[in-house]
Amino acid sequence: MSADFGSIEETQKALESAGYLAGDSTALVCFLAQELGKPVLVEGPAGVGKTELAKALSRAGGRPLIRLQCYEGLDEAKALYEWNYRKQLLRIQVEASDAGWQEVKDDIFGEEFLLSRPLLTAISEEQPVVLLIDEIDKADQEFEAMLLEVLSEFQVSIPELGVVKARSHPLVLLTSNNSRELTEALKRRCLYLWLDYPDAGRELEIVRLHAPDLQEHVARKLVEVVHMVRDLDLKKPPSIAESIDWARALLLLGAEDVDGELLKRTMSIIVKHRTDLDLVAERVGVKLTDGLIGSRPAG
Amino acid sequence: MAPRLLELADELRREGMAVGTSELLDAFEALRAVSWADQGEFQEALAATLAKSQEDRRVLELVFDRFFYRVAEREAGARGLKEGATLRGEGNGQIDLEELRGRIRDTLRGESEGDLRDLARLAIAASGRLGEGSGVIGVDVQRIRRTLGLKGDAMAGERADPHSVPRERLREFEGHVRRELERALIERTGSLPPARPLRELDRALPTGPAQDLAAVHRVVAQLRRRLATQGHEHRGRHRSSVVDVRRTMRQSLGTGGVPLELRFRPTRPRRPELFVLCDVSTSVTSASVFFLSVLHALHDSFRKLRSFVFVERISEVTEVFERERSFGDVSRAIAGDAGVADVSGYTDYGRVWLEFLEQVMDDLDPRSTVIVLGDARTNGREPHAKVFSHVAARAGRTFWMNPEPRLYWNYGDSVMAAYEPYCTGVFECWTTQQLEAFVNALTDLRPG
């Protein structure tokens, strides 16, 4: 059942019990979003848990998650609603031939013939939902303009039916990878949350939450290595999800320690480009073999 | 509180942030939902509603600190509150300088936690006895640091000298000392120093050369998307696309043979053919590293790309980029054996165009895009603008990116004006921001 968060601390706790360690600002913005009923625009590098935040919010608040993945060429018919005209056509054929136009028209433009897409589904849902509009920067600028009505008024106008108003207030999250500048109009309607890679201490907590059986010192060293890899000039720095994957892999392998040899064998879990692989092996692998990592406490 | 927030918004606007009335209303709403006792929460609530990008956040942080510090001081001044008495009280000869030195060093190394602000005040009080301040805050800060014998680490992570402390922490400590000194000064004179705008250096996000390279790659990835999708803006409306009869007929079976929905042949994505010419002569030395990294990033993203470097003559380096993958190797290979026959080391644009046209004449067509990275300084030689106009006429689009500010164009031996009329667009370009501006401008320019 859906439940509102009473305070910032409560939000943080609820998110944690849903398996998401939120920073102070993340919890605060989530709480504000619920209090003010405003959408949240989440930006940050790939793989810092933007999408995961929406999932955790849905689990924590007991709200169903409705997801709209954006891509180039996404339009109203795929995001808002569409008329099911096959069904309309059948209806017209079944209708007696002497039925008047008005009758037919009233008949075929009813809710029965409306195919609702994610956005319409989200606002017409009886109980409050979490609406995730993923990678909004991938969609066209026109699509953003279309979102404005939905996001600020929580309503959709359908010419044949009238205005459909929200029955409940959804919690809306928009994520962006910054591949294009979003319009001012959209930004103005949103709260802004910047997610960055966590510091070593928090990442250690995250890894230990998701791979609790991994030995403390292995996890510590793993996080240290991941941070060092992120500092290098890579095409794609490892994300949090990848460090969790790596932790799980080490667990399966029964690793006792992270050394140069192990890094070389399992590196492909956190680094996904050939040139990056060489670079990491060269810079980090050497340090591991010489025992330069792990002597100091992480953080 | 409301007038204070409006003042803050004013100050943010002066720093170039777009703070509208609706954002301010949001901020007030948000502040109603959080407790004001915690500075962190207060600031975060403002940041979430007012700052809409990472750069804005950084500006807000800086302005927030400065603004509320000044407001607090003004209040104190107006009410006649002074802290001076306590400061003097602490300094009546009981502070052992040696002991203080040790405490500060331990705190800065993070071996024991202590309030940096308190330590800063103690340090000021202690050094105050050694002679009055010079009145110039920057000088005093350094004097106090020397008195305490604090030195930053030579290299991060290495601690050869037992007296050195981590650089970051030392800077933090200096900030506290500076602030306390300012406070004391305001108390003495009873007036606020004039507000200074943020320095450019402070507001820029911290970056290193490695991140710059990554930034170039990011912008070029954007460029690729733009070029690939250009001319497809009308795809949604099926403008000028061809009906696919076969698929339409098949589709119509579902609706009893009535072709209710037309199916269209998918439009083929435009395959941009790029020709990039890059000046690597000495007059653009500082820019050529940047340009080579642009070229490197372009090679990562485009398959149909031919690149050329030139000084006096032109040399195709497409192969070098295909062979070497890391940026370091590429620049070494180009410097070493690209064979840019630079007899004199001076650029000769005219000759470059002649050779370029000769080499690629048959490959240039309206689908190709020519990008020139160079400063258009011919060293007094014939610019051969006519030849360049042939290149531009054969290619669909020609862009020129000049690493010099627009102000310097056409001064001295720069002949930008001779080439400019033939280009689809000319841009000044020496930072990634400008590169981004170029990419943005590309979307507005229709091919042809």
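Keep in mind it's a predicted model, so treat the numbers as computed, not measured. (Residues numbered from 1 in each chain as written. Chains lettered and ligands numbered in written order. Predicted model: local features only at pLDDT ≥ 70, side-chain atom pairs only at ≥ 80, totals over all residues. Heavy atoms only, no water.)

### A word on the overall build of chain B
The helix and strand tally for chain B stands at 19 helices and 8 strands. Of all 448 residues assigned to chain B, the portion counted as buried reaches 43%. Of the contacts made within chain B by residues no fewer than 6 positions apart, 74% connect residues no fewer than 24 positions apart. Summed over all atoms, the accessible surface of chain B reaches about 24000 Å², with 52% contributed by carbon and sulfur. (Helix = DSSP H or I, 4+ residues; strand = E, 2+ residues; numbered from the N terminus. Buried < 20%, exposed > 50% of the residue type's maximum accessible area, 1.4 Å probe, protein only. Contact = heavy atoms within 4.5 Å. Areas by Shrake-Rupley, 256 points an atom, 1.4 Å probe, with all protein chains shown as cover.)

### Some details on the packing of aromatic side chains
Each aromatic ring pair is summarised here by two numbers: the centre-to-centre distance and the angle between the ring planes. All names here are of chain B. Here the structure, examined in full by the defined rule, presents 19 aromatic pairs over all chains. Geometrically, the ring pair formed by Phe 64 and Phe 68 is tilted, given 4.7 Å between the ring centres and 50° between the ring planes. Of this pair, Phe 64 and Phe 68 both sit in helix H4 (residues 54-79), separated by 4 residues, roughly a single helical turn. On the basis of relative accessibility, which here comes to 3%, the residue Phe 64 falls in the buried class. Pairing Phe 388 with Tyr 419 gives two aromatic rings, centres 5.0 Å apart and planes at 65°, and the pair type is edge-to-face. Highlighted residues: Phe 388 in helix H17 (residues 385-394) and Tyr 419 in helix H18 (residues 416-419), separated in sequence by 31 residues. Take Phe 388: its relative accessible area is 0%, and that puts it in the buried class. (Phe/Tyr/Trp six-rings, centres within 6.5 Å; stacked < 30°, edge-to-face > 60°.)

### What about the environment of Ser293(B)?
All names here are of chain B. Within the secondary structure, Ser 293 is located in helix H13 (residues 285-301). Judged by its relative accessible area of 5%, Ser 293 falls in the buried class. Here the alpha-carbon distance between Ser 293 and Ser 331, two residues 38 residues apart in the chain, equals 8.9 Å.

### Some details on unusual backbone geometry
Although it is not a glycine, Glu135(A) sits at a positive phi angle of roughly 55°. Assignment of secondary structure puts Glu135(A) in the loop between strand S5 (130-134) and helix H8 (141-153). Backbone geometry at Asn410(B) places phi at a positive 65°, although glycine is not the residue there. One can find Asn410(B) in the loop between strand S7 (397-402) and H18. According to the relative accessible area criterion, Asn410(B) is partly exposed, its value standing at 39%.

### A word on the interface of chain A and chain B
Listed by partner, the interface residues are 30 residues for chain A and 31 residues for chain B. In this structure, the connection of chain A to chain B is made through 1 salt bridge. A salt bridge links Lys38(A) to Asp26(B); its shortest N-O distance comes to 2.7 Å. The tally of links between chain A and chain B comes to 5 residue pairs in polar contact (both at pLDDT 80 or more). (Salt bridge = Lys/Arg side-chain N within 4 Å of Asp/Glu carboxyl O. Polar contact = N/O pair within 3.5 Å; in protein donor to acceptor, adjacent residues only side chain to side chain.)

### Regarding the sheet that holds strand S6 (residues 368-373) of chain B
All names here are of chain B. Read from one edge to the other, the open sheet built from 6 strands follows the order S5-S4-S3-S6-S7-S8, with strand pairing classed as mixed. Every other strand in the sheet has two partners, leaving strand S5 (314-316) and strand S8 (425-428) as the edge strands with one partner each. Across this sheet, the average inter-strand angle for adjacent strands is 20°, counted without regard to direction. Where S6 and S7 come together, 5 bridges link them in parallel fashion. Each residue of the ladder has a partner; that of Leu 373, found in S7, is Met 401. (Pairing = 2+ DSSP bridges. Axes fitted to C-alpha atoms, helices over the stretch in contact; angles between N-to-C directions.)

### Describing the packing of helix H2 (residues 21-33) of chain B against helix H3 (residues 39-50) of chain B
All names here are of chain B. Packing of H2 against H3 leaves a shortest axis separation of 9 Å and a crossing angle of 150°. As judged from the angle between their axes, H2 and H3 are roughly antiparallel. As for the relative orientation of H2 and H3, their crossing is right-handed in sense. Together, Glu 23, Leu 24, Asp 26, Ala 27, Ala 30 and Leu 31 of H2 and Phe 42, Ala 45, Leu 46, Thr 49 and Leu 50 of H3 make up the contact between the two elements. Per-class residue counts for the contact of H2 with H3 are 8 nonpolar, 1 polar and 2 charged. (Parallel < 35°, antiparallel > 145°, perpendicular 65-115°, else oblique. Left-handed = near helix turned anticlockwise from the far one by under 90°. Nonpolar A, V, L, I, M, F, W, Y, C, P; charged D, E, K, R; others polar.)

### A closer look at a negative patch on the surface
A cluster of acidic residues, Glu9(A), Glu10(A), Asp24(A) and Asp38(B), forms a negative patch at the surface. Among the structural elements, Glu9(A) can be located in helix H1 (residues 8-17). (Patch = residues over 30% accessible without salt bridge, like charges linked within 9 Å, V, L, I, M, F, W, Y side chains within 5 Å. Lys, Arg positive; Asp, Glu negative; His and termini not counted. Charge placed at Lys NZ, Arg CZ, Asp CG, Glu CD.)

### Structural notes on the side chain of Thr248(B)
Residues and elements named next belong to chain B. Its location among the elements puts Thr 248 in helix H12 (residues 245-252). Thr 248 sits in the buried class, given a relative accessible area of 5%. Excluding residues within four positions of it along the chain, Thr 248 makes contact with Val 243, Pro 259, Glu 261, Leu 262 and Arg 263.

### Topic: the pattern of salt bridges
A side chain with one charge may pair with a side chain of the opposite charge, provided their charged atoms come close. Residues and elements named next belong to chain A. Counted according to the given criterion, the structure contains 24 salt bridges over all chains. A salt bridge links Glu 126 to Arg 167; the shortest N-O distance between them is 3.2 Å. In this pair, Glu 126 sits in the loop between helix H7 (118-124) and S5 while Arg 167 sits in the loop between strand S7 (162-165) and strand S8 (171-176), placing the two residues 41 residues apart along the sequence. Grouping residues by exposure puts Glu 126 and Arg 167 together as exposed.

### A short note on the pairing of strand S6 (residues 155-158) of chain A
Pairing of S6(A) with S7(A), which is carried by 4 bridges, proceeds in the antiparallel orientation. Within the sheet, the bridge partner assigned to Ser157(A) lies in S7(A) and is Val163(A).

### Details of the confidence of the model for chain A
On average, residues of chain A score 84 in pLDDT, and 94% of them are at 70 or above. Across residues 295-299 of chain A, where pLDDT falls below 50, the model places 4 contacts with residues more than four positions away in sequence or in other chains. (pLDDT = per-residue confidence, 0-100.)

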